[in-house]
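What follows is the residue order along each chain.
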Amino acid sequence: MTETITRRTALTTTAAATLVAAGAGPARAQGAFKLGVVAFQMSAETHARVANTIDAEAKKKGWQVTLLNSRGSQPEHVAQIDNLVQAGVNGMILCMARVGEAEAQLAAAKAKGIPVITVMANTSPHTLFDISVDDFAAGAQITNYLLARMNYEGGLLAQRYEANVSTRARGKVFDAILSENTGVKVVGQHVMARPQGWQEDVRQGMDALTLRHQGQFKAVWTAFDGQAFIIDDILQGRGAKKGDVLVTGVDGGQETFKRIRDARSTVTATVAIPFEPMGVRAVDLMDKIVVQKQPKGRHVAGARVLVPTVLVDETNAPAEGAWPW
Amino acid sequence: MTTLLPRHDPWLERYGTCLALLTLVAFFALTAPNFASPGNLLNVLRQVSFLAILAVGFTLALIVAELDLSFANICSFAAVAMGALLYGGWPIALGLAVPVAIGLGFGLANGIAVTRFKIPSLIATLATGTIANGAAFLLTGGVAFVGRLPDAVLALGRGAIAGVPVLVVWMIAVAALAQFVVRRTRLGAHMLATGEAEDAARLAGIDVARIKLLGLALSGGLAGLTAVLLVGALSTAAPTMAYDFLMRAIAAVLLGMTTIEPGRPNVPGTLVGVLMIGSLTNGLVLMGAPYFVQDIVLGVIILGAVGLAASRLKRAAFGLHK
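Residues numbered from 1 in each chain as written. Chains lettered and ligands numbered in written order. Predicted model: local features only at pLDDT ≥ 70, side-chain atom pairs only at ≥ 80, totals over all residues.

For chain A, the helix and strand inventory stands at 10 helices and 12 strands. Principal axes of the C-alpha set define a box for chain A whose edges measure 65 × 65 × 35 Å. Evaluated residue by residue, chain A yields a buried proportion of 51% over its 325 residues. (Helix = DSSP H or I, 4+ residues; strand = E, 2+ residues; numbered from the N terminus. Buried ≥ 20, exposed ≤ 12 C-beta atoms within 10 Å, placed from the backbone.)

On to the sheet that holds strand β10 (residues 267-272) of chain A, then. As a general point, the strands of a sheet are linked pairwise by backbone hydrogen bonds and lie either parallel or antiparallel. Residues and elements named next belong to chain A. What the six strands build is an open sheet, ordered β7-β6-β8-β9-β10-β12; its pairing is mixed. Sheet topology places β7 (184-192) and β12 (310-312) at the edges, where each strand pairs with a single neighbour. On average, each strand axis in the sheet is tilted by 15° relative to the strand beside it, whichever way the strands run. Relative to β7, strand β6 (residues 154-161) is paired through eight bridges, and the arrangement is parallel. (Pairing = 2+ DSSP bridges. Axes fitted to C-alpha atoms, helices over the stretch in contact; angles between N-to-C directions.)

All right, on to the packing of helix α3 (residues 74-87) of chain A against helix α4 (residues 103-111) of chain A then. Residue and element names in this part refer to chain A. One way to put it is that α3 packs onto α4 with a least axis distance of 9 Å and a crossing angle of 15°. Taken as axis vectors, α3 and α4 run roughly parallel relative to one another. The crossing of α3 and α4 is left-handed. Each of V78, I81, D82 and V85 in α3 lies in contact with α4, whose residues at this interface are Q105, L106, A108 and A109. A per-class count over the contact of α3 with α4 returns six nonpolar, one polar and one charged. (Parallel < 35°, antiparallel > 145°, perpendicular 65-115°, else oblique. Left-handed = near helix turned anticlockwise from the far one by under 90°. Contact = placed C-beta atoms within 7 Å. Nonpolar A, V, L, I, M, F, W, Y, C, P; charged D, E, K, R; others polar.)

Here the focus is the pairing of strand β4 (residues 116-119) of chain A. Both faces of β4(A) are covered, namely the face carrying A:V116 and A:T118 and the face carrying A:I117 and A:V119. Handedness of the crossover is the feature at issue here: the chain leaves strand β3 (residues 91-95) of chain A, passes through α4(A), returns alongside β4(A), and the resulting connection is right-handed. (Right-handed = clockwise from strand over helix to strand, strands pointing away.)

Our next topic: the nonpolar core. Across soluble globular proteins, nonpolar side chains show a tendency to be buried alongside one another. Ranked by internal contacts, the top residues of the largest apolar core, which has 204 residues, are A:I93, A:C95, B:L51, B:L54, B:A79 and B:M82. Residue contributions to this core peak at 17 residues, all from helix α10 (residues 208-234) of chain B. When residues are assigned to domains, this core turns out to be shared by domain 1 (31-132 + 275-294) and domain 2 (135-272) of chain A, each giving three or more. Filtering out sequence-adjacent residues up to four positions away, B:A79 remains in contact with B:P99, B:A227, B:L230, B:V231, B:A237, B:M241 and B:A242. (Core = buried A, V, L, I, M, F, W, Y, C linked by C-beta atoms within 7 Å. Domains from an automatic or database assignment.)

On domain assignment, one finds that chain A holds domain 1 (31-132 + 275-294) and domain 2 (135-272). Just the C-alpha atoms count here: the centres of domain 1 of chain A and domain 2 of chain A sit 32 Å apart.

Attention shifts here to the sheet that holds strand β1 (residues 34-39) of chain A. All names here are of chain A. With respect to topology, six strands assemble into an open sheet ordered β2-β1-β3-β4-β5-β11, the strand pairing being parallel. Two strands bound the open sheet, and with one partner strand each, they are β2 (64-69) and β11 (304-306). Sheet twist, expressed as the mean angle between neighbouring strand axes with direction ignored, is 15°. For β3 and β4, the ladder comprises four bridges, and the chain directions are parallel. Bridge pairing in β4 places I93 opposite I117. Strand contacts of helix α2 (residues 45-60): β1, β2, β3 and β4, with the helix running at about 170° to β1, the strand carrying the most contacts. Contacting β3, β4 and β5 (129-132), helix α10 (residues 275-291) crosses the sheet at an angle of about 165° to β4.

This brings us to the confidence of the model for chain B. For chain B, the average pLDDT comes to 90, and 91% of its residues sit at 70 or higher. Taken together, the stretch residues 1-6 of chain B has pLDDT below 50 and engages in nine contacts with residues farther than four places along the chain or on a different chain. (pLDDT = per-residue confidence, 0-100.)

Structure, rendered in structure tokens:
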């Protein structure tokens, strides 16, 4: 067995080395601005939308981009920031970053003069600023919209996700608004447990809830659009169509807009978060402040750039491929 | 059968993977800017320390021919228990002791399930890992504990001794102790005998059940220790924070089984596997390779390692030796 072990080890190493060489890509342009981009979890569509936009925008400027995915792992996340500091990048953009956990790494980046911009993260004394939307406001927008569409009465189901700070904020505002609108009752709710296998978790939970409370709810409030799609599929499978049940979400993407336009779908509205514009803005501000060395104060006041969201329903759903901003 | 390397070359058979690691390091030293700098090499060692300690635990379980698939979830649960205590204002000593106790407790439960109830370790540890995962969410509601911990706790994960990150010291201490126990003590000899030939070990008077229980308990205990270091390093505790280590630790151990003592789980080999994964991850970033290339390369490595060490894994997973 052992002689084939050595043979296979050599084969594996050769294959890996080939991939390594391929991954390094063509020779990098000398002197180009080196940008490190870390997305916390590229398997989440929203993280990928921001990170891929940053990657594309930076490459348009002729920058060298190293795009990394932390796969939702905090230890991996901080290790990648560490590695980018060691790689001597000229700047970093972190998407949905965990700045609290990466405090030591961000301090090291600052000490080495590497400017860091975050998108949809928290602020940190070691970063330039964070570009975000106000998730409390987004939660208020969609909840107030939904309650108005229900004429402030009747039952609804809620699909929550408490493990993520953005979706949790939307849920807290949902609770606050409901407390002032007592004509609307939450007849059932399901809390998504974890990011891994969340689709099946939501499908099972809401399949049961929608059956159990059949006829008792006029609407389904969800913490993000992905949940709304699954619930829409369940309801469509039971013969529901647009207007029978009002399903809402938050995030906004081409699939959401398509369902809002679709007369068969129960998805009624979303609050569209401008992920792509935030990515474009992060690169633009990195260019102006770090590359062109314009004063930060000319573009950003304080530590946070708040970007407005757009409520999208059947009246303003963009055409296929278009965006509401 | 044709081979790429000369047949019957015991040195190459034994150290081929070590040579592959050295080749990889040399490749990155030549092609990846800053890879060979002392600061970066320490950085690599610091980054792999969590993986190394968990992988050493997995190795100890595998040495007694049992598979522990619960360690990552146990580590996450122990971490959030520590977070709950420390962020709740409980004494630091308690906050440090409880995660290790949780790790040991789960490890013992694994051992009892395997030895007393004769449940294959693959199934038993999957079950306890699932319980640990549920317990972590029960404790947190899915919300991570975040905030600055006392300096004494942070020092466990962020400190340095004579310029060497304390995490590296922990990793070396754990690996050295494990290697000493396995290779230099009577207990270690019993562990090896149990893993190699359970029936013969039993006939020789070794309490095989107790040795297996110990192997699984040590794996759990090291998961608890890793939880302490993770929380100390990251100043946070989240219910899935160690999830990502499961496949990597298994890959490291399987890679380690191709070297030093080919075909057998061994602590130095595991460290070689860990260093290979750590060097790859770091070197690829320094070369500017995008994330998907890293995943593909790591996947190739795991595939190769699983292919190399599959027979041993099957024995551990399905108790084929019994």
